[in-house]
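Here's the letter readout for the chains.
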Amino acid sequence: MRNFLRRLTRARYWIAAACSVLLLAGCAQLRYYVQAAQGQYALWSDARPIDDWLGDPNTDPRLKARLEKALLIRRFAVQELGLPNNASYKNYAALSRPFVLWNVVATPELSLRPIQWCFPIAGCVSYRGYYSKADASAYAEELRDEGNDVQIGGVPAYSTLGWFSDPLLSTFINYSDAELARMVFHELSHQVVYVQGDTQFNESFATAVEEAGVQRWLELYGTDEMRISYVKNNARRQDFLALLVRHRKMLADNYASKTSTRHRRAEKARIFAHLKSDYQKLKESWGGYAGYDRWFAEPLTNAHLSAVGTYHDYLPAFRELMKQERTFVRFYGAAQKLALLDFAQRQQQLGHLTRLAMLEEERTKRPEQQAATTQAAN
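What counts, and at which threshold
Residues numbered from 1 in each chain as written. Predicted model: local features only at pLDDT ≥ 70, side-chain atom pairs only at ≥ 80, totals over all residues. Heavy atoms only, no water. Helix = DSSP H or I, 4+ residues; strand = E, 2+ residues; numbered from the N terminus. Buried < 20%, exposed > 50% of the residue type's maximum accessible area, 1.4 Å probe, protein only. Contact = heavy atoms within 4.5 Å. Areas by Shrake-Rupley, 256 points an atom, 1.4 Å probe, with all protein chains shown as cover. Pairing = 2+ DSSP bridges. Disulfide = S-S within 2.5 Å. Core = buried A, V, L, I, M, F, W, Y, C linked by side-chain atoms within 4.5 Å. Phe/Tyr/Trp six-rings, centres within 6.5 Å; stacked < 30°, edge-to-face > 60°. Lys NZ or Arg CZ within 6 Å of the ring centre and 35° of its normal. Axes fitted to C-alpha atoms, helices over the stretch in contact; angles between N-to-C directions. Expected span 1.5 Å × (residues − 1). Polar contact = N/O pair within 3.5 Å; in protein donor to acceptor, adjacent residues only side chain to side chain. Parallel < 35°, antiparallel > 145°, perpendicular 65-115°, else oblique. Nonpolar A, V, L, I, M, F, W, Y, C, P; charged D, E, K, R; others polar.

Asker: Please provide a residue-by-residue account of the overall build of the protein chain, values included.
Answerer: Each helix and strand counted, the protein chain has 13 helices and eight strands in total. For the protein chain, with 378 residues in total, the buried portion stands at 45%. Sequence-distant contacts in the protein chain: of pairs separated by 6 or more residues, those separated by 24 or more amount to 73%. Element-wise, carbon and sulfur atoms account for 54% of the exposed surface of the protein chain, whose accessible area totals about 20400 Å².

Asker: Outline the pairing of strand S3 (residues 101–107), supporting the account with residue identities and numerical values.
Answerer: Among the seven residues of S3, seven are classified as buried, and the element is accordingly described as predominantly covered. Residues Leu101, Asn103, Val105 and Thr107 of S3 are buried on one face, and the alternating residues Trp102, Val104 and Ala106, pointing to the opposite face, are buried as well. Here seven bridges tie S3 to strand S7 (residues 149–155), and the two strands are oriented antiparallel to one another. Looking across to S7, one finds that Trp102 is bridged to Gly154. Pairing of S3 with strand S6 (residues 128–130), which is carried by three bridges, proceeds in the antiparallel orientation. Bridging from a neighbouring strand, Asn103 pairs with Gly129 of S6.

Asker: Describe the state of the cysteines, with residues and values.
Answerer: Under the counting rule described, the total for this entry stands at one disulfide. Covalently, Cys118 is tied to Cys124 through a disulfide, its sulfur atoms 1.9 Å apart. Disulfide Cys118-Cys124: torsion about the S-S bond near 95 degrees, hence right-handed. With a relative accessible area of 46%, Cys118 lands in the partly exposed category.

Asker: Outline the nonpolar core, supporting the account with residue identities and numerical values.
Answerer: Of all hydrophobic cores here, the largest spans 61 residues; its most connected members are Leu83, Leu168, Phe185, Phe205, Phe318, Phe331 and Tyr332. The dominant element in this core, judged by the number of residues it contributes, is helix H7 (residues 199–221), at eight residues. For Phe318, the residues in contact, after removing those within four places along its chain, are Phe201, Ser204, Phe205, Ala208, Phe331, Ala335, Leu338 and Leu350.

Asker: So what's going on with the packing of aromatic side chains? Which residues, and what values?
Answerer: Inspection of every chain in the model, using the stated rule, returns 31 aromatic pairs. Where Tyr41 meets Trp44, the ring centres are 6.1 Å apart and the plane angle is 70 degrees; that geometry is what we call edge-to-face. On the criterion of helical spacing, the pair formed by Tyr41 and Trp44 is a turn pair, its members being three residues apart in helix H2 (residues 27–46). Centroid distance Trp53 to Tyr92: 5.0 Å. Interplanar angle 80 degrees. Geometry classified as edge-to-face. Of this pair, Trp53 sits in helix H3 (residues 50–55) while Tyr92 sits in strand S2 (residues 91–93), and the two are 39 residues apart along the sequence. Given a relative accessible area of 12%, Trp53 falls into the buried group. Its relative accessible area of 3% is what places Tyr92 among the buried residues. Grouped by ring-pair contacts, the aromatic residues Phe240, Tyr279, Trp286, Tyr289, Tyr292, Trp295 and Phe296 constitute a single cluster. Stacked on the ring of Tyr32, the Lys or Arg Arg128 has its end atom at 4.0 Å from the ring centre. Across from the ring centre of Phe201, 5.5 Å away, lies the NZ or CZ of Arg346, which sits over that ring.

Asker: How would you sum up the sheet that holds S3? Please name residues and give values.
Answerer: In space, the three strands of this open sheet follow the order S6-S3-S7, with antiparallel pairing throughout. The sheet is open, and its two edges are formed by S6 and S7, each paired on a single side. The average undirected angle you get between the axes of adjacent strands in this sheet is 25 degrees. The sheet strands contacting helix H5 (residues 133–145) are S3, S6 and S7, and the helix crosses S3 at an angle near 5 degrees.

Asker: Hey, could you go over helix H4 (residues 61–79) for me, with residue numbers and the actual values?
Answerer: In a regular helix each residue adds 1.5 Å, so 19 residues correspond to 27 Å; H4 covers 27 Å between its end C-alpha atoms and thus fits that length. The complete set of buried residues in H4 reads Leu63, Arg66, Leu67, Ala70, Leu71, Ile73, Arg74, Phe76 and Ala77. On the buried face of H4, the contacting elements are H3, S2, strand S8 (168–169), helix H6 (177–189) and H7. A side-chain oxygen of the first residue of H4 lies 2.7 Å from the backbone nitrogen of Arg62; this N-cap is Asp60.

Asker: Tell me about the environment of Leu95, and please be specific about residues and values.
Answerer: One can find Leu95 in the loop between S2 and S3. Residue Leu95 is classed as buried on the basis of its relative accessible area, which comes to 12%. Those residues in contact with Leu95, other than ones at most four positions away along the chain, are Leu43, Asp46, Val100, Leu169, Ser170 and Thr171.

Asker: Which residues make up the side chain of His190, and what are the values?
Answerer: Positionally, His190 belongs in the loop between H6 and H7. At 3.4 Å, the side chain of His190 and the side chain of Glu203 are in polar contact. Each residue touching His190, except ones within four places of it in the same chain, is listed here: Ser159, Leu161, Asn202, Glu203 and Ala206.

Asker: Residues and numbers for the packing of H7 against helix H12 (residues 328–340), please.
Answerer: At a closest axis distance of 12 Å, the pairing of H7 and H12 adopts a crossing angle of 175 degrees. One way to sum up the angle between H7 and H12 is to call them roughly antiparallel. Along the contact surface, H7 presents Phe201, Phe205, Ala208, Val209, Ala212, Gly213 and Arg216, while H12 presents Phe328, Phe331, Tyr332, Ala335, Leu338 and Ala339. Here the residues of the contact of H7 with H12 are counted per class, giving 11 nonpolar, one polar and one charged.

What follows is the structure, given as structure tokens:
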């Protein structure tokens, strides 16, 4: 009963906030908020405590094993990483779709700057989320008709920033142990530090927590096979990110040029063709691993590349900050202080931390380079 009343109180707050916005919004906005409210409510309705699933004789034994692993990961997040000990990820919902929602991202035809949408609690973000792929596709078509580049991307999980009890979902419960831990650590991190309108800060912080958290998780619970697999997956992730960053830079240079619109359009098509070709070569170097094929399911657009770097731009800065603070709790406190700064001050501090990280990386490389040079000479 207490949990129900807490949910009802939060629901009333959410509804009141939404209504205040809707007074100023048109029918299109009204439809969007209604689908968002219905989607969130459906997750509430579908979610049941993990103990109920474990005690149900009809629950698939494989699902029980995954839920038991998730509970272990959840306890680890609290005890070892200092992440919130609340009701998030203590319930489970089995969905009849491959993703919990679909994000629509859009940019102008010859720009990598994403269109922004602003919401009462999350602030301004560069996507709109839909619980129905059909709704996402319909809105994407409207944006395309206006001449924008558009991408629709499936999302396996998201954080409500502690406003609601985020459940474990069938969309990611069957990930490997390390990937499941990565997902839970990342989403819980958003409940620790979150700055409205600063997606790069928020995602880089959460990525730093997930990275260090999974490393500690594997040290305590991983097998040699799990560690090797995670290292391979992470290396492929970094290779793919480098591929996207390289082509994003080519597009940015193209759009900043003083050439004609016709020329920039032709160059844009050439760069995307080059990206697809380079990806095939990268797959070959991975032995045919096709884990990123889904990224190419739709025709490539600026929207595919607009967010590249969002999760990693400030990652070196947060790694340096974690190194300085040494414990997760102190790291969270330092990040919270950064979050209180205005945008310009926060960027300045993160830039300073990034430079320190780069200097340390150079110092680490020098002995290795000297050793390689000596070995080559011998």
